[in-house]
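Descriptive structure summary
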Amino acid sequence: MLQFERWKITLILLVTLAGFLYTAPNFLPKSTLEGLPAIVPHKQINLGLDLRGGSYLLLEVDTATVNRDRLQQLINDVRRALRSAEVLYTGLGISGDNVTVRITRPEDMAKAAKAVRDLSSVVTSNLLSGGLPERDLSVSTSGNLITVSVTDSAKMARAQSAVQQSMEIVRRRIDELGTTEPVIQQQGSDRILVQVPGLDDPQRLKALLGQTAKLNFRLVDVSTTAQQALATHNVPAGSEVLYMTENPSMPLLVQRRVMVGGDSLIDAQPGFDQRTNEPIVSFRFDSTGARLFGEVTRENVGKPFAIVLDNKVISAPVIREPILGGSGQISGNFTVQQANDLAILLRAGALPAPLNVLEERTVGPGLGADSVRAGAIASIIGSVAVIIYMVASYGLFGVFANIALIVNIALIMGALSLLQATLTLPGIAGIVLTIGTAVDANVLVYERIREELRTGKSVIASIEAGYHRALATILDANITHFIAAAVLFELGSGPVRGFAVTLAIGVVTSVFTGFTVNRLIVSTWVRRRRPKTLVL
């Protein structure tokens with residue numbers, strides 16, 4: 001057990017050196033790190049929300065809006081299906097949670113019902129139980145009335161899809177802000193937890209995440225003015241009154257028909273208008289969107305074209321000439337930050353449903369600094385207490401254990417830096433706990449050596465037996481620790497996961513340093529001193 005091959009010694013020293021190298025950047029300012037060569041490690045431990053300060057939001061996906069949008073889409077699908085089947089109908093609209101339509105001619109009922117049923121698609125198929133595939137639509141007839149409803153399983157599937165899609169879009173928007181290590185997790189069936197460490201402007205985050213960002217391009221209805229339509233309560237069919245984002249907000253009569261949707265955008269970048277030097281947002285469509293945009297602008301030269309974001313008109317420029325290149329720009333008296341935020345929203349895509357803020361917390365950097373200071377003090381006190389105890393209990397061998405403990409702390413910090421893990425206050429608690437338990441392996445080994453010495457064995461034989469017999473106990477204890485950390489990581493969230501990560505890393509490094517590194521130090525001492533007696 002005390003014999004080490006040369007390659008093993010080299011590997012242990014390299015791992016130890018790597019631990020100190022990856023730990024070192026955490027003690028240097030970023031300005032110093034930027035001036036170092038690229039070959040030198042630059043990564044620092046990411047501090048969590050409770051240590052660095054930042055924003056915490058608990059969001060709820062408005063799944064009721066998802067269902068309403070599905071019904072609105074269903075109206076268009078039913079209209080298209082009945083027209084394709086050449087069926088005359090009246091009264092197509094939403095009634096409660098259903099879409100209803102009356103068929104004009106009784107002889108068309110069978111054909112109309114078939115055309116509507118063909119709109120249904122499979123939601124789930126329970127092949128194991130041998131059940132029939134479930135459809136997402138339920139169609140019933142009564143006289144000349146057809147009622148179409150969305151099944152409960154389809155509603156649940158769309159709601160879950162909306163939550164997953166919302167999480168991905170939230171992640172994209174936050175990533176565009178340039179923040180590091182945001183925490184974005186689903187809670188329950190329709191809630192999303194967002195933690196963004198280091199964000200100095202929580203209101204900006206709230207505005208970015210709370211905006212649906214559904215962009216579309218529509219023609220302005222010039223048959224009458226919005227003021228006249230509001231005054232007479234007579235809005236033309238197929239149009240609606242929307243308001244401009246400018247202050248004061250002016251009404252504008254806009255056609256409901258979407259000419260080009262924002263889902264065709266592939267890029268959006270902030271910039272400045274070369275003529276007025278005002279902030280703008282330049283956008284670019286994919287091939288399908290470029291073709292549609294070109295056709296619309298070619299057929300409507302001289303007409304105002306409304307750019308609508310979340311049912312508010314950003315601007316309504318007049319089409320001067322066909323825009324065939326698939327790109328354009330949006331202007332609307334933006335500030336530089338507004339233009340940048342709008343570009344972020346458009347690049348990230350539209351949310352499938354609005355997000356409601358249920359809970360909002362902001363942790364100031366001062367409070368985070370206090371937590372870091374308290375955690376550092378706790379770690380130092382714990383380390384000093386362990387060092388004093390080991391020296392007092394085991395003398396020189398206690399010094400060997402303390403050297404291994406210092407290497408252990410360096411490896412933990414280096415691993416957190418290399419993995420770019422997020423360190424939270426519970427994570428610091430995990431490090432402090434690891435410091436306290438890291439010397440367990442040494443205590444087990446040393447007590448075994450004492451027992452062997454009492455039996456009259458030689459020093460070398462006692463040390464050999466002590467390491468050999470303690471190994472199984474050390475592995476059992478640390479494997480159970482690691483299992484507990486894995487369960488905490490899998491079932492926990494946020495700070496609990498931070499504690500689990502540091503605990504799991506600490507378990508691995510403790511076994512390496514408490515047994516392997518310590519054994520290398522002891523074997524080196526034994527080979528050089530050749531002790532005849534040992535006081536332990």
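Predicted, not measured: the structure shown is a model, and the values here were computed from it. (Residues numbered from 1 in each chain as written. Predicted model: local features only at pLDDT ≥ 70, side-chain atom pairs only at ≥ 80, totals over all residues. Heavy atoms only, no water.)

**Quick word on the overall build of the chain**
Check the secondary structure of the chain and you find 16 helices and 21 strands. Whereas a compact globule of 536 residues would reach a radius of gyration of roughly 24 Å, the chain reaches 34 Å, over 25% beyond that. Structurally, the chain occupies a C-alpha span of about 110 × 65 × 40 Å along its principal axes. Expressed as a percentage of the 536 residues in the chain, the buried residues total 43%. Put simply, of all contacts in the chain between residues at least 6 apart along the chain, 67% involve residues at least 24 apart. Carbon and sulfur atoms make up 57% of the accessible area of the chain, which totals about 27800 Å². (Helix = DSSP H or I, 4+ residues; strand = E, 2+ residues; numbered from the N terminus. Rg over C-alpha atoms; globule rule 2.2 N^0.38 Å. Buried < 20%, exposed > 50% of the residue type's maximum accessible area, 1.4 Å probe, protein only. Contact = heavy atoms within 4.5 Å. Areas by Shrake-Rupley, 256 points an atom, 1.4 Å probe, with all protein chains shown as cover.)

**Observations regarding the packing of aromatic side chains**
Scanning the entire structure with this criterion turns up 14 aromatic pairs. For the ring pair Phe217 and Phe285, a centre distance of 5.6 Å and an interplane angle of 65 degrees mean the geometry is edge-to-face. Pair noted here: Phe217 is in strand β11 (residues 215–219) and Phe285 is in strand β16 (residues 279–285), with a separation of 68 residues, a long-range link. Neither residue differs from the other here; Phe217 and Phe285 are each classed as buried. Over the face of the ring belonging to Tyr56 we find Arg361, whose NZ or CZ atom lies 3.9 Å from the ring centre. Across the ring face of Phe489, the terminal group of Arg497 is positioned such that the distance to the ring centre comes to 4.4 Å. (Phe/Tyr/Trp six-rings, centres within 6.5 Å; stacked < 30°, edge-to-face > 60°. Lys NZ or Arg CZ within 6 Å of the ring centre and 35° of its normal.)

**Side note on helix α13 (residues 425–438)**
Look at α13: 20 Å from first C-alpha to last across 14 residues, which is about the 20 Å you get at 1.5 Å a residue. Of all the positions in α13, only Gly427, Ile428, Gly430, Ile431, Thr434, Ile435 and Ala438 are classed as buried. The buried residues of α13 occupy an angular sector of 150 degrees when the element is viewed end-on, so they sit on one face. (Expected span 1.5 Å × (residues − 1). Arc of directions from axis to C-beta.)

**Concerning the packing of helix α1 (residues 6–23) against helix α12 (residues 396–419)**
Two elements in contact, α1 and α12, have axes whose closest approach is 7 Å; the angle formed by their N-to-C orientations is 60 degrees. In terms of orientation, α1 and α12 fall into the oblique class. As for how α1 packs across α12, the hand of that crossing is left-handed. When α1 is examined against α12, the residues Val15, Thr16, Gly19, Phe20, Tyr22 and Thr23 are found in contact with a partner set consisting of Ile406, Val407, Ala410, Leu411, Met413, Gly414, Ser417 and Leu418. For the contact of α1 with α12, the per-class residue count stands at nine nonpolar, five polar and no charged. (Axes fitted to C-alpha atoms, helices over the stretch in contact; angles between N-to-C directions. Parallel < 35°, antiparallel > 145°, perpendicular 65-115°, else oblique. Left-handed = near helix turned anticlockwise from the far one by under 90°. Nonpolar A, V, L, I, M, F, W, Y, C, P; charged D, E, K, R; others polar.)

**Section: the pattern of salt bridges**
Should their charged atoms come close, side chains of opposite charge can pair. Inspection of the entire model under this criterion finds 17 salt bridges. Across the pair Arg70 and Asp77 runs a salt bridge whose closest N-O atoms are separated by 3.8 Å. Of the two residues examined, Arg70 and Asp77, each falls in the buried class. Here Glu452 makes a salt bridge to Lys457, at a shortest N to O gap of 2.9 Å. Relative accessible area serves as the criterion here: at 37%, Lys457 is assigned to the partly exposed category. (Salt bridge = Lys/Arg side-chain N within 4 Å of Asp/Glu carboxyl O.)

**Thoughts on the confidence of the model for the chain**
In this model, the chain carries a mean pLDDT of 85, and residues with pLDDT of at least 70 account for 95%. Counting interchain partners and residues more than four positions distant, the pLDDT-below-50 stretch residues 125–132 has two contacts. (pLDDT = per-residue confidence, 0-100.)

**Concerning the sheet that holds strand β8 (residues 145–150)**
With antiparallel pairing, four strands are arranged side by side in an open sheet as β3-β4-β8-β7. Edge positions in the open sheet fall to β3 (89–95) and β7 (137–142), since each of these has one partner strand only. Averaged over all adjacent pairs, the angle separating strand axes in this sheet is 15 degrees, with direction ignored. With five bridges connecting them, β3 and strand β4 (residues 98–103) associate as antiparallel partners. Across the sheet, residue Ile94 finds its bridge partner in β4, namely Val99. Relative to β8, helix α5 (residues 109–117) is tilted by about 10 degrees, and along the sheet it contacts β4, β7 and β8. (Pairing = 2+ DSSP bridges.)

**Re the packing of helix α14 (residues 440–454) against helix α15 (residues 459–491)**
Viewed as axis vectors pointing N to C, α14 and α15 meet at an angle of 135 degrees, and their least axial separation amounts to 8 Å. Judged on the interaxial angle alone, α15 and α14 are oblique. In the packing of α14 onto α15, the handedness of the crossing is right-handed. On the side of α14, the interface is formed by Ala441, Leu444, Val445, Arg448, Ile449, Glu452 and Leu453, while α15 contributes Val459, Ser462, Ile463, Ala465, Gly466, Tyr467, Arg469, Ala470, Thr473 and Ile474. For the contact of α14 with α15, the per-class residue count stands at eleven nonpolar, three polar and three charged.

**Section: α1**
For α1, built from 18 residues, the straight-helix expectation of 26 Å at 1.5 Å per residue is met to within 8% by its first-to-last C-alpha distance of 26 Å. On its buried side, α1 packs onto α12 and α16 (495–529).

**A few points about the sheet that holds strand β15 (residues 265–272)**
Read across the sheet, three strands follow the order β15-β16-β19 without closing on themselves; strand pairing throughout is antiparallel. Edge strands, defined here as strands with exactly one partner in the open sheet, are β15 and β19 (327–330). Across the sheet, the axes of successive neighbouring strands diverge by a mean angle of 25 degrees, strand direction being ignored. In terms of strand pairing, β15 meets β16 through seven bridges, oriented antiparallel. By the bridge assignment, Pro270 is partnered in β16 with Val281. This element, helix α9 (residues 287–299), spans β16 and β19 of the sheet and lies at about 110 degrees to β16.

**With respect to the nonpolar core**
With 36 residues, the main nonpolar core has Phe397, Leu416, Val445, Tyr446, Ile449, Ile463 and Leu534 as its most contacted residues. Elements with a minimum of two residues in this core: α11 (365–394), α12, α13, α14, α15 and α16. When residues in this core are grouped by element, the largest group, eight residues, is from α12. Each residue touching Val445, except ones within four places of it in the same chain, is listed here: Gly466, Tyr467, Ala470, Ile474 and Phe515. One finds Leu208, Ala213, Met259 and Ile319 within the second-largest nonpolar core, a separate group that totals 28 residues. (Core = buried A, V, L, I, M, F, W, Y, C linked by side-chain atoms within 4.5 Å.)

**Some remarks on the side chain of Thr16**
Relative to the elements of secondary structure, Thr16 occurs in helix α1. Among the residues examined, Thr16 registers a relative accessible area of 14% and is labelled buried.

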